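A structural walkthrough
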Amino acid sequence: MLELGDQVCESKHPEPTGKAYYSNRGVLHTSFDLNGLNGSIKVNISKPFARKWLGVFDVVTNAGTLEHVEPLSYQHPAFKNVHDALRPGYRDPPGTRRA
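Here the residue numbers are simple positions, counted from 1 along each chain's written sequence. Only residues with pLDDT of at least 70 get local features here, since the model is predicted, and only at 80 or more are side-chain atom pairs given and counted; chain-wide, interface and lining totals rely on the full set of residues. Excluding hydrogens and water, the side-chain values take into account all heavy atoms of the structure.

**Brief notes about helix 2 (residues 75-85)**
A simple rule labels every residue: compare its accessible area, found with a 1.4 Å probe on the protein chains alone, to the largest value its type can have, and call it buried under 20%, exposed over 50%, or partly exposed in between. In DSSP terms, a helix is any run of H or I states spanning at least four residues, a strand is any run of E spanning at least two, and both are numbered starting from the N terminus. Of all the positions in helix 2, only Gln75, Ala78, Asn81, Val82 and Ala85 are classed as buried. Down the axis of helix 2, the buried set is contained in an arc of 115°. They therefore lie on one face. The criterion used for residue contact is that any of the two residues' heavy atoms lie within 4.5 Å. The elements touched by buried residues of helix 2 are strand 1 (2-4) and strand 4 (60-62). Taking the helix axis as origin, the arc is that swept by the directions to the C-beta atoms.

**Things to note about the sheet that holds strand 4**
When DSSP finds two or more bridges between two strands, those strands count as paired. Read across the open sheet, the four strands follow the order 3-2-1-4; overall the sheet is parallel. The sheet terminates laterally at strand 3 (41-42) and strand 4, the two strands that pair on one side only. Of the pairings in the sheet, the one linking strand 2 (residues 30-33) to strand 3 comprises two bridges and is parallel in character. Along strand 3, the bridge assignment pairs Asp33 with Lys42.

**Here we look at empty space enclosed by the protein**
Lining residues are defined by having an atom within 4 Å of a point belonging to a cavity or pocket. Those points lie on a 1 Å grid over the protein atoms alone, cavities being sets where a 1.4 Å probe fits but cannot get out and pockets being open sets with protein on both sides within 12 Å along at least five of seven lines. Grid points are joined across faces, edges and corners, and a volume is the space filled by probe spheres set on the points. Under the definition given, this model contains one cavity of 30 Å³ or more. Forming the boundary of the largest cavity are Glu3, Gly5, Asp6, Gln7, Thr17, Gly18, Lys19, His29, Ser31 and Asn38. Classification used: nonpolar for Ala, Val, Leu, Ile, Met, Phe, Trp, Tyr, Cys and Pro, charged for Asp, Glu, Lys and Arg, polar for all others including Gly. Class assignment of the residues belonging to the lining of the largest cavity gives a composition of no nonpolar, seven polar and three charged.

**Thoughts on the layout of surface pockets**
By volume, the largest pocket amounts to about 210 Å³. Leu34, Asn44, Ile45, Thr65 and Val69 are the residues nearest the centre of the largest pocket, which is lined by 13 residues in total. Tallied by class, the residues present in the lining of the largest pocket amount to six nonpolar, five polar and two charged.

**Quick word on the packing of aromatic side chains**
Classification of ring pairs rests on two measures: the distance between centres of Phe, Tyr or Trp rings, Trp counted by its six-membered ring, which must be within 6.5 Å, and the angle between planes, read as stacked under 30 degrees, edge-to-face over 60 and tilted in between. Evaluated as defined, the whole model comprises four aromatic pairs. Judged by centre distance (5.1 Å) and plane angle (85°), the ring pair of Phe32 and Phe49 falls under edge-to-face. Of this pair, Phe32 sits in strand 2 while Phe49 sits in the loop between strand 3 and strand 4, and the two are 17 residues apart along the sequence. Side by side, Phe32 and Phe49 carry an identical accessibility label, which is buried. With a centroid separation of 5.1 Å and an interplanar angle of 75°, the aromatic rings of Phe32 and Trp53 are classed as edge-to-face. Of the two residues, Phe32 is situated in strand 2 and Trp53 in the loop between strand 3 and strand 4; the sequence distance between them amounts to 21 residues. A single burial state applies to Phe32 and to Trp53, both of which are buried. One aromatic cluster in this structure is built from Phe32, Phe49, Trp53 and Phe57.

Dropping the structure here:
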């Protein structure tokens, strides 16, 4: 699973981050964030992903990250990265636009 952003859970949640939440449930979790905090890998999601990240994820989640990619012209490359990061044969979740 690839999670976009360094997702921090609400204070009442037992796990402090999305990484902790998914990892504690046995999910192989990778997160990309420009800040590189809380176990995320420092990646600018509006720049082409390194070859090693292409076609390797079953799921890519976006819980409030892509809408912050600015300027607007950088959003297309970010959505293309989401598409390209998915393993061949896997689809984007319903409601997600393909790049």
